Amino acid sequence: METIQCSKRPKNGSFDDSDNETLLPGLPDDLAQLCLSSLFPSLLFSVCHSWRRLLYSPSFPPFFSLYALLSPLQNPTTISHGEVAYRNSIEFFSFEPLSAAWRPLPSPPQNPPLHLLHRHPSFLSRKLPIQSLTVSNHLVLIAATTHNFSPALSSPLLFHPESNRWFYGPQISTPRRWCATGAVRGVVYMASGVVGFYYRGDVARSMEQWDLNQKSESWGWENKAQLKDGRFSREAVDAVGYRGKLCMVNVKGNAVKEGAVYNVELDKWEEMPCGMVAGWNGPAATMDEDVIYVIDEVKGSLSKYDAEKDCWVALIELEQLKRAEQIAAGRGKICAVSANGEKIIVVDVGEERAAARFWEVAPPPGFEVVAAHVLPRITRQQ
């Protein structure tokens, strides 16, 4: 097989960064890019520098990376005028699969100051929820708690990898410390939840939507059909977008739970199928809003939902998946945050095989993983 070569070869183990470097000898760069776009990104990354630069350019189809919310193992604090001032205890990183390296995201805007607390120094055994989701290739933060147990976000905070920037969404009428949240077809839904120290029945039954498909100047929250009661206000709930519906259960883990399904087209709440709620025994996520996956926290088994038979089909059982805290799905991969955020277990479910492949990704030293997401890589020059 003939070996493909770049026009510039490495010299003394390093690449020539000349601006005159071409992608393929004898071809204009636009035609060369069409040829190279059909190759695996790992090949482009490893052959030469000009191909690597192409891989990260805005004009090249983006490959996908792993994004994570990370919390320092030592809770950061500062002392000011005799009082303890708590810093933001969440940092944002992306893990690039080609270089196998963690890279910090740009700092979020500090106006207003961002205070997201994962563990409170006075309640070390309790983790405070920080709710995030992926919508239309954006990372979206919806709800969190400050050190004084107040809602941390008055508006959703978004990061767009392809433009490498943070910005805020429309103001939330009633900011939450936690809620039920999910997305269907580029629309974010927020239901129920806890405001602060006190339970509010109107918030516990509420349902609102925000359509990211609209132009940003038209963004806003719209009231939708209310829940019949406040049973989903007990804890942070991941609502899973599935075939035009939003599916969620009110309690995490293997506890007895109730399920609900929101029909987007009809703006109507429905009962969850018996088989779906019976096997929903841990964190869940959806692949392209077409297949729901769930991890049984006790058995460590990964299963997918069969809608026709109303049952869960086991795919793989791993010791590493026991007590998984959160999962994300994308590009044929399931990414599960292990117990205590010590690592991320990646399971390849994209190809039919006798046994699913899996591997582990460790967070940067000194951090634990709070949540993981799959999004396009950040555009940058290499």
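Here, the structure is the one placed above.
Residues numbered from 1 in each chain as written. Predicted model: local features only at pLDDT ≥ 70, side-chain atom pairs only at ≥ 80, totals over all residues. Heavy atoms only, no water.

### Digging into the pattern of salt bridges
All told, the structure shown has 15 salt bridges when counted by the stated rule. Of the charged contacts, one joins Asp202 and Arg200 as a salt bridge, the two residues approaching to 2.9 Å between their closest N and O atoms. On the accessibility criterion, Arg200 (37% relative accessible area) is partly exposed. The residue Arg231 makes a salt bridge to Asp229 at a minimum N-O spacing of 3.5 Å. (Salt bridge = Lys/Arg side-chain N within 4 Å of Asp/Glu carboxyl O. Buried < 20%, exposed > 50% of the residue type's maximum accessible area, 1.4 Å probe, protein only.)

### Topic: the pairing of strand β29 (residues 367-376)
With ten of ten residues buried, β29 lies mostly within the body of the structure. Both strand β1 (residues 64-72) and β29 contribute to a ladder of nine bridges, which runs antiparallel. Residue pairing for β29: Ser65 is matched across the bridge by Leu375. (Helix = DSSP H or I, 4+ residues; strand = E, 2+ residues; numbered from the N terminus. Pairing = 2+ DSSP bridges.)

### Observations concerning the side chain of Arg231
By the secondary structure assignment, Arg231 is in the loop between β15 (222-223) and β16 (237-238). Looking at Arg231, its side chain comes within polar contact range of the side chain of Glu258, at 2.6 Å. The contacts of Arg231, once residues within four sequence positions are left out, are Asn250, Glu258, Gly259 and Ala260. (Polar contact = N/O pair within 3.5 Å; in protein donor to acceptor, adjacent residues only side chain to side chain. Contact = heavy atoms within 4.5 Å.)

### With respect to the pairing of strand β10 (residues 157-160)
Taking every second residue as pointing to the same face, both faces of β10 are buried, with Leu157 and Phe159 on one and Leu158 and His160 on the other. As judged from the three bridges shared by strand β9 (residues 138-143) and β10, these two strands associate in the antiparallel manner. The partner of Val140 across the bridge, within β10, is Leu158. Of the strand pairs in this sheet, β10 and strand β11 (residues 165-168) are connected by four bridges, and their pairing is antiparallel. Each bridged residue has a counterpart across the sheet, and for His160 the counterpart in β11 is Arg165. Here β10 folds back onto β11 in antiparallel fashion, the turn holding four residues, of which Asn164 has a positive phi close to 60 degrees.

### A few points about the sheet that holds β9
Spatial ordering of the open sheet is given by β8-β9-β10-β11, a layout of four strands whose pairing is antiparallel. Taken across any chain shown, the strands that pair with only one partner, and hence form the sheet edges, are β8 (131-135) and β11. In this sheet, adjacent strand axes meet at a mean angle of 25 degrees when their direction is disregarded. (Axes fitted to C-alpha atoms, helices over the stretch in contact; angles between N-to-C directions.)

### Overview of the nonpolar core
One finds Leu69, Phe92, Leu116, Leu141 and Trp166 to be the most contacted residues of the largest nonpolar core, which totals 20 residues. For this core, the secondary-structure elements that each account for two or more residues are β1, β9, β10 and β29. Per-element accounting of this core gives the leading share, three residues, to β29. (Core = buried A, V, L, I, M, F, W, Y, C linked by side-chain atoms within 4.5 Å.)

### Describing the sheet that holds strand β17 (residues 240-242)
Adjacent strands of a sheet form backbone hydrogen bonds with each other and so pair up, either parallel or antiparallel. Pairing within the open sheet is antiparallel, and its four strands lie in the order β17-β18-β19-β20. With partners counted over all chains shown, the strands left at the sheet margins are β17 and β20 (268-271), one partner each. Ignoring strand direction, the axes of neighbouring strands in this sheet form an average angle of 30 degrees. Bridging between strand β18 (residues 245-249) and strand β19 (residues 259-263) involves five bridges; their strand directions are antiparallel.

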